[in-house]
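Chain by chain, the residues:
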Amino acid sequence: MTDDQQNAGDQGTNAEAMRTVQTYLDGLYAGDVDLLGEAFHEKARLFSATEDELVALDVPAYLAIVAGRPSPASRGDARVDEIVEVSPAGPSTVHVRVRNRYLPKQFTDDLVIVEDRGRWQIVSKVWHYDLI
């Protein structure tokens, strides 16, 4: 495989992974658990060590949290999110760091996105937040 072919493949991988990230960010802002459900693999796990005890969730538990709170959009909050870093780890794995806001918290999320059965989905989310 030539370097040009490898780069073209990486760009395709990145485009598919970035669509998943955009679905994730759109779902967070809108509080849309259906969109978030599309972004996450059914076996995904989510973790945070921001507070004293490690938080570990599966997807249904996370979606229940999102469903039980007002969305930033419904509160009229400005949308503040960005993709900070994209790092392909191989042909079927991409690491992505994003920042997003759910007032009064600013989150940094490290996402691992993999291709499984032709779909790119988040299999791991590790988040940290700061109060702003």
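What you are looking at is a predicted structure, and each value in this text was computed from that prediction instead of being measured. (Residues numbered from 1 in each chain as written. Predicted model: local features only at pLDDT ≥ 70, side-chain atom pairs only at ≥ 80, totals over all residues. Heavy atoms only, no water.)

Thoughts on the overall build of the protein chain
The helix and strand inventory of the protein chain stands at four helices and six strands. In terms of C-alpha radius of gyration, the protein chain reaches 15 Å, essentially the compact-globule figure of 14 Å for 132 residues. For the C-alpha atoms alone, the extent of the protein chain along its principal axes is close to 50 × 30 × 30 Å. Within the protein chain, buried positions represent 33% of all 132 residues. For the protein chain, long-range pairs separated by at least 24 residues make up 50% of all intrachain contacts whose partners lie at least 6 apart in sequence. Of the roughly 7,500 Å² of accessible surface on the protein chain, a fraction of 50% belongs to carbon and sulfur atoms. Between the averaged position of the 13 positive side-chain charges in the protein chain and that of its 22 negative side-chain charges there is a distance of 4 Å. (Helix = DSSP H or I, 4+ residues; strand = E, 2+ residues; numbered from the N terminus. Rg over C-alpha atoms; globule rule 2.2 N^0.38 Å. Buried < 20%, exposed > 50% of the residue type's maximum accessible area, 1.4 Å probe, protein only. Contact = heavy atoms within 4.5 Å. Areas by Shrake-Rupley, 256 points an atom, 1.4 Å probe, with all protein chains shown as cover. Lys, Arg positive; Asp, Glu negative; His and termini not counted. Charge placed at Lys NZ, Arg CZ, Asp CG, Glu CD.)

Some words on the pairing of strand 4 (residues 93–102)
Alternating positions in strand 4 separate cleanly, V94, V96, V98, N100 and Y102 being buried on one face and T93, H95, R97, R99 and R101 remaining unburied on the opposite face. Joining the antiparallel neighbours strand 3 (residues 81–90) and strand 4 is a turn of two residues. (Pairing = 2+ DSSP bridges.)

Re the sheet that holds strand 4
Pairing is mixed in the open sheet, where six strands are placed in the order 2-1-6-5-4-3. A strand with exactly one partner marks an edge of an open sheet, and here the two such strands are strand 2 (55–58) and strand 3. Each adjacent strand pair in this sheet contributes to an overall mean axis angle of 15°, direction not counted. In the sheet, strand 3 pairs with strand 4 via eight bridges, with the strands oriented antiparallel. Residue pairing in the sheet places D81 in a bridge with N100 of strand 4. Those strands touched by helix 3 (residues 59–67) are strand 1 (40–48), strand 2 and strand 6 (119–131), and its axis lies near 100° from that of strand 2. (Axes fitted to C-alpha atoms, helices over the stretch in contact; angles between N-to-C directions.)

Looking at the packing of aromatic side chains
Using the criterion set out here, one finds three aromatic pairs in the structure. Judged by centre distance (5.8 Å) and plane angle (80°), the rings of Y24 and F40 are edge-to-face. Highlighted residues: Y24 in helix 1 (residues 3–30) and F40 in strand 1, separated in sequence by 16 residues. Like F40, Y24 is buried. Members of the aromatic cluster, joined through ring pairs, are Y24, F40 and Y62. Above the face of the Y129 ring, K105 is positioned so that its terminal group lies 4.2 Å from the ring centre. (Phe/Tyr/Trp six-rings, centres within 6.5 Å; stacked < 30°, edge-to-face > 60°. Lys NZ or Arg CZ within 6 Å of the ring centre and 35° of its normal.)

A closer look at the confidence of the model for the protein chain
For the protein chain, per-residue confidence averages 91 on the pLDDT scale, and residues scoring 70 or more make up 90% of the total. A low-confidence stretch, residues 1–9 stays under pLDDT 50, and its non-local contacts, those more than four residues away or across chains, total one contact. (pLDDT = per-residue confidence, 0-100.)

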